[in-house]
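One letter stands for each residue in the lines below.
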Amino acid sequence: PAGAPTVDVNDENVDLSINIAPTAHYSVNAMATLEERIKMELRNIGLLEDNEPDLTKREDDEVCGELRTVWQQLKEQVESNRQACTRLRSLCAQAVVEANHERQVRLADSEVERQWRALEKKSSGKKKK
């Protein structure tokens, strides 16, 4: 349409007319202009000012400061949890080794006791005859 706003995207003049759907001529360049089209519409109805905020500036308001503090606490807690998990894994591995050793000792003890009883029976049977 005549007089419709256009935007240059990668040396391609793209029509931003409201009558043309953003996907009518699908291309990466046309889709990249969607944000520009939305901004233009918001400016036209007065919801967006012409001066855009500098998003590279660091805001030091109360909320941002609190977020940074809590984020730092979270990082410290995550590191503490990681170290605790490492310690617990080591202790668990050691406990498993000890439990296996104790089980082997109990099995060996019961085998020795079983053999001892068998020998006692054998020797007591010979004494009676």
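Residues numbered from 1 in each chain as written. Predicted model: local features only at pLDDT ≥ 70, side-chain atom pairs only at ≥ 80, totals over all residues. Heavy atoms only, no water.

Trainee: Before we go on, may I ask you to explain the overall build of the protein chain in this structure?
Mentor: When you go through the protein chain residue by residue, the secondary structure sums to three helices and two strands. Helices and strands appear in the protein chain in the N-to-C order β-β-α-α-α. Counting the 129 residues in the protein chain, one finds 9% classified as buried. In the protein chain, once contacts between residues fewer than 6 apart in sequence are set aside, the share between residues at least 24 apart is 10%. For the protein chain, the accessible area works out to roughly 11,600 Å², and carbon and sulfur atoms hold 56% of it. (Helix = DSSP H or I, 4+ residues; strand = E, 2+ residues; numbered from the N terminus. Buried < 20%, exposed > 50% of the residue type's maximum accessible area, 1.4 Å probe, protein only. Contact = heavy atoms within 4.5 Å. Areas by Shrake-Rupley, 256 points an atom, 1.4 Å probe, with all protein chains shown as cover.)

Trainee: What is the right way to read the environment of Ile38 from this model?
Mentor: In this fold, Ile38 is placed in helix H2 (residues 34–44). In this structure Ile38 comes out as partly exposed when scored by relative accessible area, which is 45%. A sequence separation of 10 residues divides Ile38 from Leu48, and the C-alpha atoms of the two residues are 10.0 Å apart.

Read these as spatial facts, not as claims about activity.
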